[in-house]
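Spelled out, the chains give:
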Amino acid sequence: MTTKQKDTIDRFLKGGMSRREMIERLGRMGIGAAAGAYILNQGMTEALAQEFNWKAHEGKTINLLLNKHPYADAMIANLENFKSLTGMNVTYDVFPEDVYFDKVAAALSSRSSQYDAFMTGAYQVWQYGPAGWVEDLNEYIQDSDQTAPNYAWDDMLEGIRKSTAWSGVPGAELGGEDSKQWALPWGFELNSISYNRRIFDQLKVEPAKDLPELVELAKKITDSDAGVYGIGVRGSRSWATIHPGYLSAFANYGAKDLTVQDGMLKAAMNSPEAKEMTALWVKMIQESGPKNWATYTWYQVGTDLGAGASAMIYDADILGYFMNGGDNKEAGNLAYSAFTPKPGAEAPTPNVWIWSLAMSTFGGQKDATWYFMQWASGTDHALFGARKMDFVNPVRQSVWKDEEFRSRIAKSYPGYIEQFEASSPGSKIYFTPQPLFQTVTTDWAAALQKMVANEIPVDEGLDELAGNIDRQLKAAGLG
Amino acid sequence: MAATTATQPTASPRKSRLGPALLPYLLSLPALLVCIGIIIPFFTAVWYSLQRYNLNLPYLRGFVWFQQYIDLFSDPSFWHTVQVSLLYTALTVILELLLGLGIALLLRRPSTLHNIMSIALLLPLMVAPAIASLMWKLMTHPDFGILSWLIQQVGITNFRWAAAPSSALFTVLLVDIWVYTPFMMILLLAGLRGLPKQPFEAAELDGVPASFVFFRITLPMLTPYIITAALFRMLDSIQQFDIIYAMTQGGPGDTLMVFQVMAYLDFFQNFNVGRSAAVLMVLWAIAYLLSNVFIKHWLRLRERARGAA
């Protein structure tokens, strides 16, 4: 950074000029918007360094395990700033999501010190925490010697922050009493309808208002001459099939996965509400889902929407966001709609997936790792990612208020913010936190596959599933 | 000088005695190391299978003797796994054997064309099974897969390949056959080309029908090769993981939940080390029993051949 550029950034950071004025000045110095953002972040980084001893672990190297994801891409794009701020080095391994969680499980279960920190979902820490594989981050967050004064932990959306904290007691409320902060929220997604406006206009249809209407609409589109199938949802034999659209609709119908009775867990996914909703879901897939639904992960669901093979998806909002840009065939044609599945229900209840950062218990340099984690989950990096990269949805309130971020999203992704603001009040994790999460949800996905294949009726399938889950909970001393 | 000559006779016999004594141990050392490398994980797995050991439920850990096995044997889904694994193994071995033998017979006479074809036919064996599965996943995609398009041309629509329980086994069998038939073919081709020529020349001179030559001369002489190839494929098929996991993850439902997929999911998804180890021990026992049957049959044939000679 030249002296002139530094002076400009310093003046902006001290409130001596507006953002627009700063960008114009940098432009006159021959610096484009993206480079300007990077330099601004560098300037902010230097400002940070004046308030807190970021150089305490200078010379150390930490190693990260990352999932191939736009959040990781945004972090890597800004990593030089962290290195210059702290004098630390960061190395990382990136794995595709198909194998990512197996890699995490292998590294942690073998007590390997190879990785200091890693990306995880909030659900996964229900397994990693009780196993003693991840650190409770409360002690770092509350330690003013180790945490920068402007870290602003309270700036994180409360529901999201609490969703990554748990006491370890099966069935206990997330973020409740004696909770440990197993991970730092990084970015999150909630579930809504993303649809192809071009196809909808061509067929003169509007987004559905509830699940019965969605089933009808999806069939109407499939049966039309548009040459696309109605709705994309996940179907592989995996926990990931349950958590997006299915659990969001399930929760909206008032159904629960498990109930807690006298401290013991009991399967509840065969309640009348659950059966009503699941029957509609199965019908929708049979009539209007992808032909090889049983192999569909988020990747196929998203790419079909982006390629114009499906008319809509009921999945993560950010999946619709990602597919509306880049080289996708339908980029610019996608629109978003908050969704309230139960007829007459007041508001959407999207289940939430939170990409988070966790610290391995087996890493050899925990304090240095914390420095990285607080930077990566800090406001400056979140702003950089939200403004210039695809670090969306941000977990910080201040980022959601940022004008530059909002105007970028409003311009390039019309309707996205409205969808988010309508969906978010009812959004949270609707699963019951417990260590057998993967077992329960994988068996659930297998049961759905049997129902969709007409191997078993919905009523019988859910009863059989609940019986099977109860047996496993009992064997684990949880039920 | 005198001292040197005096010590030489005493030193030399000592060296020569020590050398031969140590040599057997030194020579068997690599085998011993390999054995340790196999035995330690094996007995660790046996040890784990006798425990209730779930990584994320550490408070439950304890020695339960054979309870894991009792639980497994009383679980209907386990018997489904046994059934699917054995069916998969039987079908892959039989189909690959028949196809491999057929191709080997077609290529048995050495010629430039046959040599080129036998090399070309080996190519699928060079592809990692997981990669082959991804290729087949694309080829069987209902919207743009070449195989889906081809079967649509003959009037079969809506065929869902690995996504439907009724066709999932057929689909993964196709992939397995595509990858591993060349293995059978190359072993049997080597066997065919190595058979003595005299019996065939004598049969030709006597004008013996081709079917008689095949069933009474070729097949009996080729049997040791067939048993060896089938044994290798049987051991591989009963432990099948990559193709099935990459194509279906054991689904749809539990349709293709074979031993290795079950053990893998028990460990990596459910963190249930004890159950995963018990599943693998049962798999080991089945593989051991089947191998014994094959090897005894092979030894019996060899004895019979020696007796005949």
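Nothing here was measured: the structure is a model prediction, and the numbers come from that model. (Residues numbered from 1 in each chain as written. Chains lettered and ligands numbered in written order. Predicted model: local features only at pLDDT ≥ 70, side-chain atom pairs only at ≥ 80, totals over all residues.)

As a further point, take the overall build of chain A. Per the secondary structure count, chain A includes 22 helices and 12 strands. Counting over 479 residues, chain A shows a buried share of 54%. The contacts of chain A with a sequence gap of at least 6 include a subset with a gap of at least 24, amounting to 75%. (Helix = DSSP H or I, 4+ residues; strand = E, 2+ residues; numbered from the N terminus. Buried ≥ 20, exposed ≤ 12 C-beta atoms within 10 Å, placed from the backbone. Contact = placed C-beta atoms within 7 Å.)

A few words now on the overall build of chain B. On a plain count of helices and strands, chain B comes out with 13 helices and 2 strands. By the compact-globule yardstick of 19 Å for 309 residues, chain B is too spread out, its C-alpha radius of gyration being 27 Å. Counting only C-alpha atoms, chain B reaches 100 × 80 × 40 Å along its principal axes. Classification of the 309 residues of chain B by burial places 33% in the buried group. Counting only contacts in chain B whose residues sit at least 6 apart along the sequence, the fraction spanning at least 24 positions is 70%. (Rg over C-alpha atoms; globule rule 2.2 N^0.38 Å.)

Let us now look at the confidence of the model for chain B. All names here are of chain B. Taken over all residues, the pLDDT of chain B has a mean of 91, while the share at 70 or more is 94%. Between the elements of chain B, mean pLDDT differs from a low of 76, seen in helix α1 (residues 2–49), to a high of 97, seen in helix α3 (residues 76–106). Predicted confidence is poor over residues 1–9, with pLDDT under 50, and the contacts of this stretch with residues over four places away or in other chains come to 0 contacts. At the level of chain-chain contacts, confidence expressed as ipTM amounts to 0.84, with global pTM at 0.87. (pLDDT = per-residue confidence, 0-100.)

It is worth spelling out the interface of chain A and chain B at this point. Between chain A and chain B, the residue contacts involve 26 residues of the former and 28 residues of the latter. Within the residue set of the side of chain A that touches chain B, elements represented by two or more residues are α6 (97–109) and α21 (437–452) of chain A. The element best represented in the side of chain A that touches chain B is α21 of chain A, accounting for 6 residues. In the side of chain A that touches chain B, the residues fall into 10 nonpolar, 11 polar and 5 charged. (Nonpolar A, V, L, I, M, F, W, Y, C, P; charged D, E, K, R; others polar.)

Moving on: unusual backbone geometry. With an omega of 5 degrees, the peptide bond running from Val392 of chain A to Asn393 of chain A counts as cis. Position of Asn393 of chain A among the secondary structure elements: in the loop between α17 (379–388) and α18 (397–400). Omega for the bond connecting Gly251 of chain B with Pro252 of chain B falls within 30 degrees of zero, at -5 degrees, which places this linkage in the cis form. Within the secondary structure, Pro252 of chain B is located in the loop between α11 (242–248) and α12 (259–268). Here Ala152 of chain A, not a glycine, exhibits a phi torsion of approximately 55 degrees, which is positive. Checked against the element boundaries, Ala152 of chain A lands in the loop between α8 (138–141) and α9 (158–163). On the basis of neighbour count, Ala152 of chain A is assigned to the partly exposed category, with 13 C-beta atoms found within 10 Å. Non-glycine residue Lys204 of chain A carries a positive phi angle of around 55 degrees. Its location among the elements puts Lys204 of chain A in the loop between α10 (197–203) and α11 (211–223). For Lys204 of chain A, a count of 6 C-beta atoms within 10 Å corresponds to the exposed category.

All names here are of chain A. The topology assignment puts Tyr151 in the loop between α8 and α9. Sequence-wise, Tyr151 and Gly378 are 227 residues apart; in three dimensions their C-alpha atoms are separated by 5.8 Å. When near neighbours in sequence (up to four residues on either side) are disregarded, Tyr151 contacts Gln374 and Gly378.

Often, the extent of an interface is quoted as the loss of accessible area on bringing the components together. All names here are of chain A. For chain A, the domain assignment lists domain 1 (3–188 + 354–424) and domain 2 (190–351 + 427–475). Counting residues at the interface gives 25 residues for domain 1, matched by 27 residues for domain 2. Of all the secondary structure elements, the ones that give two or more residues to the side of domain 1 that touches domain 2 are α7 (125–128), α9 and α20 (416–423). In terms of residues, the side of domain 1 that touches domain 2 owes the most to one element, α20, which gives 5 residues. The class makeup of the residues in the side of domain 1 that touches domain 2 is 14 nonpolar, 10 polar and 1 charged. (Domains from an automatic or database assignment.)

To continue, consider the nonpolar core. Where a protein is soluble and globular, its nonpolar side chains tend to be buried together. Counting 199 residues, the largest nonpolar core has Ala117 and Ala358 of chain A as its most contacted members. With 10 residues, the single largest contributor to this core is helix α8 (residues 165–194) of chain B. Residues from two domains meet in this core; each of domain 1 (3–188 + 354–424) and domain 2 (190–351 + 427–475) of chain A gives at least three. Beyond its immediate stretch of four places on either side in the chain, Ala358 of chain A contacts Ala117, Phe118, Thr120, Val125, Tyr128, Val134, Trp182 and Ala183 of chain A. (Core = buried A, V, L, I, M, F, W, Y, C linked by C-beta atoms within 7 Å.)

Turning our eyes to something else, we now look at the packing of helix α12 (residues 245–252) of chain A against helix α13 (residues 272–288) of chain A. For any two helices packed against each other, one specifies the crossing angle of their axes together with the interaxial distance. All names here are of chain A. Where α12 contacts α13, the axes come no closer than 9 Å and their chain directions differ by 140 degrees. By the angle class used here, α12 and α13 are oblique. Crossing hand, α12 versus α13: right-handed. Packed against α12, whose contacting residues are Tyr246, Ala249 and Phe250, the element α13 presents Ala274, Met277 and Trp281 at the interface. Split by residue class, the contact of α12 with α13 holds 6 nonpolar, no polar and no charged. (Axes fitted to C-alpha atoms, helices over the stretch in contact; angles between N-to-C directions. Parallel < 35°, antiparallel > 145°, perpendicular 65-115°, else oblique. Left-handed = near helix turned anticlockwise from the far one by under 90°.)

Okay, the pairing of strand β9 (residues 264–267) of chain A next. Put simply, side chains in a regular strand alternate between the two faces of the sheet. All names here are of chain A. Taking every second residue as pointing to the same face, the buried face of β9 carries Leu265 and Ala267, while none of Met264 and Lys266 on the other face is buried. Pairing geometry for strand β8 (residues 258–261) and β9, over 4 bridges, is antiparallel. When the bridges of β9 are listed, Thr259 appears paired with Lys266. (Pairing = 2+ DSSP bridges.)

The next subject is α20 of chain A. All names here are of chain A. Among all positions of α20, only Tyr416, Gln419, Phe420 and Ser423 are buried. Viewed end-on, α20 has its buried residues packed into an arc of 100 degrees, placing them on one side of the element. The elements touched by buried residues of α20 are β6 (184–196), α15 (317–323), β11 (334–337) and α19 (403–412). (Arc of directions from axis to C-beta.)

Once that is clear, we can look at the environment of Thr303 of chain A. Residues and elements named next belong to chain A. Position of Thr303 relative to the elements: it lies in helix α14 (residues 298–306). Since 17 C-beta atoms lie within 10 Å of it, Thr303 is described here as partly exposed. Distance from Thr303 to Ile62, taken between C-alpha atoms, is 34 Å for residues 241 residues apart in sequence.

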